[in-house]
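Here is how the chains run, residue by residue.
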There are 2 protein chains.
Amino acid sequence: MKALVLSPASRLREVCSDKCRALLNEHFDVTWNETSRDYTKEELAELVSDVEVMITSWGSPSLTDDVLSKANKLRAVGHAAGSVKNLVPKQIFSRGVRVFSAAPRIALSVGEYCLAALLASLRYLPVLDASLRAGQWRELGLKGRELTGSTIGIISASSTARAFIKLLAPFQVNVLIYDPYLTEEAAAGLNARRASLEEVMSCPIISVHAPKLPATERMLSRELLALIPDGAVFINSSRGSVVDEQAFMEQLQSGRFFAALDVFEKEPLAADSPIRSLPNVLLTPHIAGASVQGHLSLMEEVVKDMIQGLNQENSAYEVNERMWEVMA
Amino acid sequence: MKALVLSPASRLREVCSDKCRALLNEHFDVTWNETSRDYTKEELAELVSDVEVMITSWGSPSLTDDVLSKANKLRAVGHAAGSVKNLVPKQIFSRGVRVFSAAPRIALSVGEYCLAALLASLRYLPVLDASLRAGQWRELGLKGRELTGSTIGIISASSTARAFIKLLAPFQVNVLIYDPYLTEEAAAGLNARRASLEEVMSCPIISVHAPKLPATERMLSRELLALIPDGAVFINSSRGSVVDEQAFMEQLQSGRFFAALDVFEKEPLAADSPIRSLPNVLLTPHIAGASVQGHLSLMEEVVKDMIQGLNQENSAYEVNERMWEVMA
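Computed from a prediction, not measured in an experiment: that's the story for all the values here.

K.L.:
Which parts of the structure should I look at to understand the interface of chain B and chain A?
P.N.:
Quite often, the size of an interface is put as the accessible area lost when its parts meet. If you look at the interface, chain B gives 56 residues, while chain A gives 56 residues. Here chain B and chain A share an interface that buries about 4900 Å² over both sides, 59% of which is from carbon and sulfur atoms. Broken down residue by residue, the surface that chain B buries against chain A is led by Arg123(B), Trp137(B) and Glu146(B), which jointly contribute 16%. Between chain B and chain A we count four salt bridges in total. As a salt-bridge pair, Arg105(A) and Glu146(B) come within 2.8 Å of each other at their nearest N and O atoms. Broken down by element, the residue count for the side of chain B that touches chain A peaks at 10 residues, all from helix α5 (residues 103-122) of chain B. Across the side of chain B that touches chain A, the residue classes tally to 30 nonpolar, 13 polar and 13 charged.

Here it is in structure tokens:
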């Protein structure tokens, strides 16, 4: 079976392990991208006429209708990166092309980020570190909080939320989830219970995992943001667009709760954004899903899964049209 | 039974819950410290002649031989704080006084700190936060690391190490422990295996939990510190004296690994300590064991346990002479 790997060597070093390279060569007649950059759409259209499997990652050009119309033998796309939406149009499914996305592997890194950010926020680690660097010792008089036994509100039972919830197991926390698609049984399977958005936003710890969709645009409105309790920790590792950023900024400026923010409405965050100087935030540049180990296993995981799927075996990473509609 | 609570109201607000106050009043004829400060040794000596149970905490005066010689009816001391060593001399045991220490409850806060510091270090959270505050986005080009699947070296199987190890359960880590008192069976019970100090110091993640004892003074020598692998994360939440600080500073200045340091040889850390300006450290002012919830449950936990012990029931917090020798 003819496979085309779209990513150049510089990207493969990050996302394709030696084992993955061997796996691809073993199962496919592979054409590697020997240029030092990603293909343009035009170049790609020239290359696809006999390709049956495409392996993509960050930087790969979108599989436009133009490209797909020339890829008559294409059976599957394996995407070794996050969101598959910018890569493949919804129409790909009606062409009978199967799509596999390694996004669930990224969820583990996001889950670890969420626990890191939560514990660091509860214990004021970045605030204390900055204070010690400024020559202080305990002048701030801050006393941290334990996570054990807390109540955590989760917005959207996405793969990142599930990865986070798994890591919370030893802390004996009480987990509430708002997700319009989650059944009571599925919630119980996560050792959680379903709750309204209002209930979740009233928890002392809140973690946002909602995908970027028209329905989630500014879903966390001024009214809902006002429900965040004093002393709470609010974590956003999903998308800035989910939050009414202006109303959120006003809440943050009151200093009444702490927020760990990895995502922003506009990225990169404006250099003069007032959010950069707030004392009650932990800021990171949209890195929740990024880790050395996570990235290096992406292509291997999605290729393995795609091979299983093409062999009519169970696949964990296949995306269908219905999922495409509601996913990040 | 007559009980004397040594801590004034300002301290009790932190360490004595309403439930604990009720518990004490229910089981004992309690004398509360109605002054607005801790007693002096001299004042204490005046108060103890008919006291059978003493409840102490941070700030309580040492139970010197002079005090103990006047406390002829004393049966038990319940210490709602960390180390009991500065409070009671070893000779207390030969007087037949039983000692209960809430230190194991503090271990949970330390365990949470260790996981917080570890995950925050692996993901460079304080470094990235400072970078965003300085107007940057991804200029540092840092990619974090996952904890899942890592190998962790633990120095001393203390109560804080055990609390930390419990929280690591979902991460499927490989735990090596150096502890001269730990049996192979006890290590297996912690899902860990025993290892030499050299092996532990060669792990990609190292966490120090050794108590301050003559035998642990600068135990982490220049030679052992040189074993720390490049890219490692080294966490010290026990005592600064365990590490040869000068040799450690030289290792840190090479920038080849990251350290989360909550304790230092001299505390408070000197305002002009060069450690304060290193980029590869996360600094906190000896707060690993301090948390709102942890402190507020200290007296309740030790009083409950002491009541059980005095009733010849199982006690989790009683300290005997042999333990006193090797504990922090």
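K.L.:
Can you help me understand the pattern of salt bridges in this one?
P.N.:
Between side chains of opposite charge, a pair can form as their charged atoms come close. Residue and element names in this part refer to chain A. Per the stated rule, a full pass over the model turns up 34 salt bridges over all chains. The salt bridge partner of Lys19 is Glu300, with a shortest N-O separation of 3.6 Å. Taken as a pair, Lys19 in helix α2 (residues 18-27) and Glu300 in helix α13 (residues 298-310) lie far apart in primary sequence, 281 residues in all. Residue Lys19 is classed as exposed on the basis of its relative accessible area, which comes to 55%. Here Arg194 and Glu184 are joined by a salt bridge, their closest N and O atoms 3.2 Å apart. Note that Arg194 is positioned in strand β8 (residues 192-194) and Glu184 in helix α8 (residues 184-189), a separation of 10 residues in sequence.

K.L.:
Hey, could you run me through the sheet that holds strand β13 (residues 318-319) of chain A in this one?
P.N.:
Pairing between sheet strands relies on hydrogen bonds along the backbone, with the strands arranged either parallel or antiparallel. Sheet architecture is open: six strands sit in the order β2-β1-β3-β4-β5-β13 (chain A), paired in mixed fashion. The open sheet has two edge strands, β2 (29-31) and β13 of chain A, and neither has a second partner.

K.L.:
What is the right way to read the domain arrangement of chain A from this model?
P.N.:
Residue and element names in this part refer to chain A. On domain assignment, one finds that chain A holds domain 1 (2-103 + 292-326) and domain 2 (106-283). Listed as interface residues are 10 residues of domain 1 and, on the opposing side, six residues of domain 2. Here domain 1 packs against domain 2, burying approximately 500 Å² in sum over the two surfaces, 61% of which is carbon and sulfur. The interface formed by domain 1 and domain 2 contains zero salt bridges. At the surface where domain 1 touches domain 2, the tally comes to two residue pairs in polar contact (both at pLDDT 80 or more). For the side of domain 1 that touches domain 2, the class distribution of residues is six nonpolar, two polar and two charged.

Procedures and definitions
- Residues numbered from 1 in each chain as written.
- Chains lettered and ligands numbered in written order.
- Predicted model: local features only at pLDDT ≥ 70, side-chain atom pairs only at ≥ 80, totals over all residues.
- Heavy atoms only, no water.
- Contact = heavy atoms within 4.5 Å.
- Buried area = accessible area lost by both parts, 1.4 Å probe.
- Salt bridge = Lys/Arg side-chain N within 4 Å of Asp/Glu carboxyl O.
- Helix = DSSP H or I, 4+ residues; strand = E, 2+ residues; numbered from the N terminus.
- Nonpolar A, V, L, I, M, F, W, Y, C, P; charged D, E, K, R; others polar.
- Buried < 20%, exposed > 50% of the residue type's maximum accessible area, 1.4 Å probe, protein only.
- Pairing = 2+ DSSP bridges.
- Domains from an automatic or database assignment.
- Polar contact = N/O pair within 3.5 Å; in protein donor to acceptor, adjacent residues only side chain to side chain.

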